[in-house]
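So the chains spell out like this:
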Amino acid sequence: MKLLRFLFFRVLAGALTVLGVVTFCFLALHLLPGDPTDSLLGETATDADREALRHALHLDRPLLAQYALFLRDAFLRGMGPSFAHPEHSALREVAEVWPSTVALALSSAAVGWAVALPLALVASARPGSRTDAAVGVLSLAGVALPTLYTGPLLITLLCVTVPVLPFPGPDATGLSSLVLPSLTLGAGLAGMLTRMGRASLREVLLEPYITAARARGLSEPAVLVRHGLRSALVPLLTVGGAQLSALLGGALVTEKVFDRPGVGLLLLEALTRRDIPVVLAGVFVVAATAVVMQLLVDLAYAAVDPRIRVQ
């Protein structure tokens, strides 16, 4: 019963959060200077053509009436038709690039976790050693290097100098096309998770129950993995969940560098041409994803830490 009540209030709070974010973006888009008809019709259009298009898109109505129409379209018509492509709903345009974004986000998260956990364990097993210092330098480099630099560097190394991967582009398909962008995004995530894991594990290894586990004769790997890592996962889940939410919202720079379709690139293009329904559909998907990810992270806390589950 407590779990159901918790889920009910979290879902309700998440729905209100998503509605608030989308409403704020709706108001902000309508307060921005400029007219969507200018980007849709071009400079050669007449004033009569612009007025006719504004009437067709309901842009000549009061703001409150436009918001009511938006809420109707949000529930009944997939956020309404796109301004640039009226034959498609705005939510459909986001759904077309969503699988590409999900594949990139999950593969990048897999790279980040696969690199971060072993490095954090190795560094925590020998605090103050050269290995610990080397892990610290590597993790700092992963956090500091921007994807705008890492992406072209990996393209030069793995596509030109040692041509083992295909060049990125819209024609690149299959798992091989995910390697370079996943490494680019995963490097930054791995650096952040490694630094967080090192700090968290060092605090956990000073706890009395760790001393008791060592006194019982458990090996150091068993102490690190079975007792230390499980408790240290709580802050890692927080950071990892937030980063995965951001990746599912679209990694704009990486999608641009590797010429991959994605939610981030779609939002930038829609914002440039003032395609309000597509922008709002993208914001809705990003906000809903962040809310769902936070709920999953909260449930994961209870799965890895029995103390939270008891509470």
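Above this text sits the structure in question.
Residues numbered from 1 in each chain as written. Predicted model: local features only at pLDDT ≥ 70, side-chain atom pairs only at ≥ 80, totals over all residues. Heavy atoms only, no water.

Caption draft 1: Inspection of the overall build of the protein chain at higher detail. When its secondary structure is counted, the protein chain shows 14 helices and 0 strands. Its helices and strands in sequence order give the protein chain the pattern α-α-α-α-α-α-α-α-α-α-α-α-α-α, from N to C terminus. Seen along its three principal axes, the alpha-carbon backbone of the protein chain occupies a region of about 85 × 60 × 30 Å. Every one of the 311 residues in the protein chain was classed for burial, and the buried ones make up 40%. (Helix = DSSP H or I, 4+ residues; strand = E, 2+ residues; numbered from the N terminus. Buried < 20%, exposed > 50% of the residue type's maximum accessible area, 1.4 Å probe, protein only.)

Caption draft 2: Molecular detail of a nonpolar patch on the surface. On the surface, Leu 3, Phe 6, Val 292, Leu 296 and Leu 299 cluster together into a nonpolar patch covering about 420 Å² of accessible area. Counting residues per element, the ones that place at least two in the nonpolar patch are α1 (2–31) and α13 (276–304). For the nonpolar patch, the element with the highest residue contribution is α13, accounting for 3 residues. Relative to the helices and strands, Leu 299 resides in helix α13. A relative accessible area of 33% means that Leu 299 is categorised as partly exposed. (Patch = residues over 30% accessible without salt bridge, like charges linked within 9 Å, V, L, I, M, F, W, Y side chains within 5 Å. Areas by Shrake-Rupley, 256 points an atom, 1.4 Å probe, with all protein chains shown as cover. Salt bridge = Lys/Arg side-chain N within 4 Å of Asp/Glu carboxyl O.)

Caption draft 3: Main features of unusual backbone geometry. Despite not being glycine, Arg 274 shows a phi value in the positive range, around 55 degrees. Exposure remark for Arg 274: the relative accessible area of 12% places this residue in the buried category.

Caption draft 4: Representation of the packing of helix α9 (residues 208–215) against helix α10 (residues 220–248). Between α9 and α10, the least distance of the axes is 10 Å, while the angle of their chain directions is 155 degrees. Comparing the axis directions of α9 and α10 gives the class roughly antiparallel. When you trace α9 past α10, the crossing you get is right-handed. Facing Tyr 209, Ile 210, Ala 213 and Arg 214 of α9, the residues of α10 in contact are Glu 220, Val 223, His 227, Gly 228 and Ser 231. Among the residues forming the contact of α9 with α10, the class breakdown is 4 nonpolar, 3 polar and 2 charged. (Axes fitted to C-alpha atoms, helices over the stretch in contact; angles between N-to-C directions. Parallel < 35°, antiparallel > 145°, perpendicular 65-115°, else oblique. Left-handed = near helix turned anticlockwise from the far one by under 90°. Contact = heavy atoms within 4.5 Å. Nonpolar A, V, L, I, M, F, W, Y, C, P; charged D, E, K, R; others polar.)

Caption draft 5: Layout of the packing of aromatic side chains. Applying the stated rule across the entire model yields 3 aromatic pairs. Centroid distance Phe 26 to Phe 70: 5.5 Å. Interplanar angle 20 degrees. Geometry classified as stacked. Taken together, the residues Phe 26 in helix α1 and Phe 70 in helix α4 (residues 63–76) connect sequence positions 44 residues apart. Phe 70 shares its class with Phe 26; the two are buried. Taken together, a centroid distance of 6.1 Å and an interplanar angle of 35 degrees make the contact between Tyr 67 and Phe 70 tilted. (Phe/Tyr/Trp six-rings, centres within 6.5 Å; stacked < 30°, edge-to-face > 60°.)

Caption draft 6: Structural view of the pattern of salt bridges. Considering all chains together, one arrives at 6 salt bridges under this definition. Across the pair Arg 198 and Asp 132 runs a salt bridge whose closest N-O atoms are separated by 2.9 Å. Of the two residues, Arg 198 is situated in helix α8 (residues 176–204) and Asp 132 in helix α6 (residues 130–144); the sequence distance between them amounts to 66 residues. Among the residues examined, Asp 132 registers a relative accessible area of 5% and is labelled buried.

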